[in-house]
Amino acid sequence: MDVSSAFAAAFGLIIGLDPQFLQIVGLSLRVTLTAVLLAALIGVPLGAWLALARFPGRPAVIVLVNALMGLPPVVAGLIVFLLLSRSGPLGGMGWLFTPTAMVIAQTLLVLPIVIALTRGTLEEFWGEYREHLTSLGMTGVRAIPTLIFDGRFALATGLLAGFGRASAEVGAVLIVGGNIAGYTRTMTTSIALETSKGDLPLALGLGLVLIILTLTINAAAYGASRIGSRFAG
Amino acid sequence: MLTKRSLLASGFGLALTSSVLAQATLTAPLPAQTVAPAAQTRFITVSSTTSTTDSGLFNHLLPGFKAKSGIEVRVVSQGTGQALDTGRRGDADVVFVHARSQEVKFVEDGFGVERKPVMYNDFVLIGPKYDPAGVKGSKDIAAALKAIQAKGSPFVSRGDNSGTHSAELNLWRTAGVDIAQARGPWYREIGQSMGAALNTSGAMNAYVLSDRATWLNFRNRGDLEIVVEGDRRLFNQYGVILVNPARHAHVKKADGQAFIDWLVGPEGQKSIAEYKINGEQLFFPNAAQPGV
Amino acid sequence: MRDITSILPLSVQGLSFDADGKRLLDRVSFVLPGGGVTAIIGPNGAGKSLTLRLCHGLVAPCAGAIRWHTDTGRRRHAMVFQRPVMLRRSTRANIMHALGAVGVADASSRAEAALARFGLAALADRPARLMSGGEQQRLAIARAWALEPEVLFLDEPSSQLDPGATRQIEEIIAGLAAEGMTILMTTHDLGQARRLSQRILFLNRGRLIDDAPTEIVFAGQSSNEARAFIAGDLLW
């Protein structure tokens, strides 16, 4: 197989604006962005709490969170699968093989990254800001909004890393989504499927589109962060 | 907040995102039904085999059924063993697979209501063009397998408890080869889908048992070709089973049964017969045939 | 605007602080009445900065008491740290943040007043962290001033600054004192203590050795230790 046919396939996909292809791209983005958003809503406060709280076993929790950043997507998928299966504890929700299941699995993957990065950043900021904020009566939970706001650019980097991990993974979404055509088929599961069908140019073409998308989002975020940090110092 | 704002603003609006978000809320009453824009979609989940998906059959069949019934069929394709497991767990309404003994057991164990034959195709032995085991052109699959084992020519096995895998194991038995004993470096279990097995065989110049449909739809053939076909023992029967609502109350009995009835009825059977790649028919409907 | 009742005088009695089994501050007592600039001087490690932190309530003493004349609920003393803490925002936002933290009603106009009062109006939208050391120190003081404290604690207000900026800061401190703000500051710059303060607290190894008017201390009419310190001897 030659690489040029992969580029041709990628080009054809982008130019052709095939509705099925757009649907796949749309679902991938929707699932991953929702997962990142959810992970941010849950992980940033948790990470902030972990940065400021002092309790026995805290080092163990930090090590655990850091280790979970390497959680294999397949394992995350399996856990969510067992939870959501009709025979599992949350089976009654009927979420297995739906985009919701994929969002949950990806949230699980992104969460440790967000928590760990928030914890690291805010702990550093807290060290720097502690006396001033204490002087203003902002201790404990009251300090968190200031730390998060001032850490927004660093935290954005963490969310981007999370986005990268979620958008690139195939193991978890394949298990919990089922790769159902037109419903839970994402870029990565399509790539796996096309590889399986031996259509390597199309698979690689899809891969190129995924890379371009990731590049675009990263570049946009990087640009916004550069402009933003110029104003924030 | 940079990422939230800029990512969301980048063309994929909050509306899209929040609809998924809403589903993710644990309080949503009937989330599976309220999923995605098509909120009132009637759908069933079918667990089927990689061969039916990889061969493109479902892409051909489902639009016709949907137009007729208004029911969307969501196909999760897995190996037959895994597909039956999915049914056992209640995660599908219908299973559509190809391993008769496993299907019969599935029904006997009370997980399925009734097994109905749908169609057949056949397995083919695929191998490298230069044919190191010297089996090309034979119609005797047992002799061919024996020769492969005797010469120690590389052979790729699905190894994933799929329908094709269990057919392969049966054929070794037929050939009088005890694969548990005879296996060696030449016998490579990959534990993956049919397509992955074909990709692997191409890369290793190995023999591999494939269903004909997947082979015909497979693009990355390289130096592979059919070396043995036409043996009656290569027959590959597909069956369909409604998951037992007595076991899993949420199974969509009526819609699942409607799909099965359509599949084994004249319209479905005709549609199956019409699916061709390069003029070659992939599956042969035989719902009316007794005892398959 | 301001409460009629003053939080002053501040009465510090028997203040002690230990860390890692080491006594860093040992039974320090003094009274801070309203008005003027009081400078705490002494060698490194004498406990100058710690005394400010204890008075401001950032750390709790191991023994002794810090009593304000009245406890009005809201903290009416503010502190500026040796290395000013600059939030990652603009100059104006730094002031607004402090006002928001203590809950001031007319925050916006108060912030503008602070910017104008300390010559920061032109820098209002600049990121605080990208400004010079002198500008940052001015912002730190403006931010504290905006909170309308009765007492301002200044920890080494010019230790990081060049002479020009130091001069500016000293003018600001003198101005604040002239307006009636009570200032308790530490400094290792004896000339600064002499220029700004009316009263000296001389600390050595955690103990308050001298508490006397500035001119008395600099006239050499205090303890031997203070005399030696002012003369530039190393104290043991």
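Only a predicted model underlies this, so the values are computations on that prediction, with no experimental measurement involved. (Residues numbered from 1 in each chain as written. Chains lettered and ligands numbered in written order. Predicted model: local features only at pLDDT ≥ 70, side-chain atom pairs only at ≥ 80, totals over all residues. Heavy atoms only, no water.)

J.: Help me understand the sheet that holds strand β6 (residues 151-155) of chain C in this model?
T.: The strands making up a sheet are joined through hydrogen bonds of the backbone, oriented either antiparallel or parallel. Residues and elements named next belong to chain C. The six strands lie next to each other as β5-β6-β7-β3-β8-β9, forming an open sheet whose pairing is mixed. Either end of the sheet is taken by a strand with one partner, and the two such strands are β5 (77-80) and β9 (207-213). On average, adjacent strands in this sheet sit at an angle of 15° to one another, irrespective of strand direction. Relative to β6, β5 runs parallel, the two sharing four bridges. Following the sheet pairing, Met 79 is matched in β6 by Phe 153. Strands β3 (37-41), β6 and β7 (182-186) of the sheet are contacted by helix α5 (residues 163-178), whose axis makes an angle of about 150° with β7. Strands β3, β8 (199-204) and β9 of the sheet are contacted by helix α8 (residues 224-231), whose axis makes an angle of about 95° with β8. (Pairing = 2+ DSSP bridges. Helix = DSSP H or I, 4+ residues; strand = E, 2+ residues; numbered from the N terminus. Axes fitted to C-alpha atoms, helices over the stretch in contact; angles between N-to-C directions. Contact = heavy atoms within 4.5 Å.)

J.: Explain helix α7 (residues 141-151) of chain B here, please?
T.: Because an α-helix completes one turn every 3.6 residues, residues spaced three or four positions apart along the sequence face the same direction. Residue and element names in this part refer to chain B. Those residues of α7 not exposed but buried are Ile 141, Ala 142, Ala 144, Leu 145 and Ile 148. Around the axis of α7, the buried residues are gathered within 165° of arc, so they sit on the same side. More than 90 degrees from the buried face of α7, the exposed residues found are Ala 150 and Lys 151. If you check the start of α7, you find a side-chain oxygen 3.0 Å away from the backbone N of Ala 142, and it comes from Asp 140. (Buried < 20%, exposed > 50% of the residue type's maximum accessible area, 1.4 Å probe, protein only. Arc of directions from axis to C-beta. Polar contact = N/O pair within 3.5 Å; in protein donor to acceptor, adjacent residues only side chain to side chain.)

J.: Any chance you could explain the sheet that holds strand β1 (residues 10-19) of chain C here in plain terms?
T.: All names here are of chain C. Strand order in this open sheet of three strands is β2-β1-β4, and the pairing throughout is antiparallel. Strands at the two margins of the open sheet, each flanked by one partner only, are β2 (22-32) and β4 (63-67). Ignoring which end each strand starts from, the neighbouring axes of this sheet average 20° apart. Against the sheet, helix α1 (residues 48-56) contacts β1, β2 and β4, and its axis sits at roughly 65° relative to β2.

J.: Help me understand the interface of chain A and chain C in this model?
T.: How big an interface is tends to be stated in terms of accessible area lost as the parts join. Counting residues at the interface gives 19 residues for chain A and 20 residues for chain C. Carbon and sulfur atoms supply 53% of the area buried between chain A and chain C, which totals about 1,800 Å² over both sides. Its largest share of buried area at the contact with chain C, chain A owes to Glu131(A), His132(A) and Leu136(A), together 32% of the area lost on that side. Across the pair Glu128(A) and Arg88(C) runs a salt bridge whose closest N-O atoms are separated by 3.2 Å. Put simply, chain A and chain C have ten residue pairs in polar contact (both at pLDDT 80 or more) between them. Mapped by element, the contributors of at least two residues to the side of chain A that touches chain C are α5 (99-135), α6 (144-150) and α10 (200-232) of chain A. (Buried area = accessible area lost by both parts, 1.4 Å probe. Salt bridge = Lys/Arg side-chain N within 4 Å of Asp/Glu carboxyl O.)

J.: Help me understand the side chain of Asp231(B), please; the structure alone is not making it clear to me.
T.: Residue and element names in this part refer to chain B. Within the secondary structure, Asp 231 is located in the loop between β8 (224-228) and β9 (235-243). Taking relative accessible area as the criterion, Asp 231 reaches 10% and is therefore assigned buried. Only 2.8 Å separates the side chain of Asp 231 from the backbone nitrogen of Arg 233, close enough to count as a polar contact. Contacts of Asp 231, omitting those with residues within four sequence positions, involve Lys 139, Asp 140, Ile 141 and Ala 142.

J.: What am I meant to see in the pattern of salt bridges here?
T.: Where side chains of opposite charge bring their charged atoms close, a pairing between them can arise. Enumeration over the complete set of coordinates arrives at 41 salt bridges over all chains. A salt bridge links Asp160(B) to Arg158(B), with the shortest nitrogen-to-oxygen separation between them at 3.0 Å. Assigned by exposure class, Asp160(B) and Arg158(B) land together as buried. Residue Asp26(C) is joined to Arg23(C) by a salt bridge in which the shortest nitrogen-to-oxygen separation is 3.3 Å. Overall, Asp26(C) belongs to the buried group, its relative accessible area being 12%.

J.: What is the right way to look at the nonpolar core in this model?
T.: As a rule of thumb, nonpolar side chains are buried together in soluble globular proteins. Counting 123 residues, the largest nonpolar core has Leu147(A), Ile95(C), Leu152(C), Leu176(C) and Ile183(C) as its most contacted members. It is helix α2 (residues 19-52) of chain A that contributes the most residues to this core, 13 residues altogether. Leaving out residues up to four positions away in the same chain, Ile95(C) has contacts with Ala111(C), Ala114(C), Leu115(C), Leu139(C), Ala142(C), Arg143(C) and Ala146(C). Counting residues in each nonpolar core, the second largest holds 41 residues, with Val73(B), Val208(B), Tyr238(B) and Trp262(B) among its members. (Core = buried A, V, L, I, M, F, W, Y, C linked by side-chain atoms within 4.5 Å.)

J.: Sorry if this is basic, but what is going on with a nonpolar patch on the surface here?
T.: Residues and elements named next belong to chain A. A grouping of Val 75, Ile 79, Leu 83, Leu 90 and Leu 108 is seen on the molecular surface, where their side chains present a nonpolar patch of about 350 Å² in accessible area. Of the residues forming the nonpolar patch, the biggest block, three residues, is contributed by helix α4 (residues 73-84). Its place among the elements puts Leu 108 in helix α5. (Patch = residues over 30% accessible without salt bridge, like charges linked within 9 Å, V, L, I, M, F, W, Y side chains within 5 Å. Areas by Shrake-Rupley, 256 points an atom, 1.4 Å probe, with all protein chains shown as cover.)

J.: How do you make sense of the packing of aromatic side chains when you look at a structure like this?
T.: Aromatic ring pairs: the centre-centre distance and the angle between the two ring planes describe each pair. Residues and elements named next belong to chain B. Counted under the stated rule, the structure contains 18 aromatic pairs over all chains. Between Phe 65 and Trp 262 the ring centres are 5.4 Å apart and the planes differ by 50°, which places this aromatic pair in the tilted class. In this pair, Phe 65 is assigned in helix α4 (residues 57-69) and Trp 262 in helix α12 (residues 253-264), connecting sequence segments 197 residues apart. Taking relative accessible area as the criterion, Trp 262 reaches 9% and is therefore assigned buried. (Phe/Tyr/Trp six-rings, centres within 6.5 Å; stacked < 30°, edge-to-face > 60°.)

J.: Is there a simple way to explain the environment of Leu216(B) in this structure?
T.: Residue and element names in this part refer to chain B. Along the chain, the position of Leu 216 falls in helix α11 (residues 212-217). Looking at Leu 216, the relative accessible area reads 13%, which means it is buried. Sequence separation between Leu 216 and Leu 242 is 26 residues; the distance between their C-alpha atoms is 29 Å. Residue contacts for Leu 216: discarding those within four places in its chain leaves Arg 221, Ile 277, Glu 280 and Leu 282.

J.: Where do I start with the pairing of β3(C) in this structure?
T.: Looking along a regular strand, one sees side chains alternate from face to face of the sheet. Residue and element names in this part refer to chain C. Burial within β3 is extensive, with five of its five residues counted as buried. Here β3 shows no split at all, with Val 37, Ala 39 and Ile 41 on one side and Thr 38 and Ile 40 on the other all buried. Pairing of β3 with β7 involves four bridges; the strand directions are parallel. Within β7, the residue paired with Val 37 across the bridge is Ile 183. Judged from the four bridges that link them, β3 and β8 form a sheet pairing that is parallel. Bridging across to β8, Thr 38 finds its partner in Arg 199.

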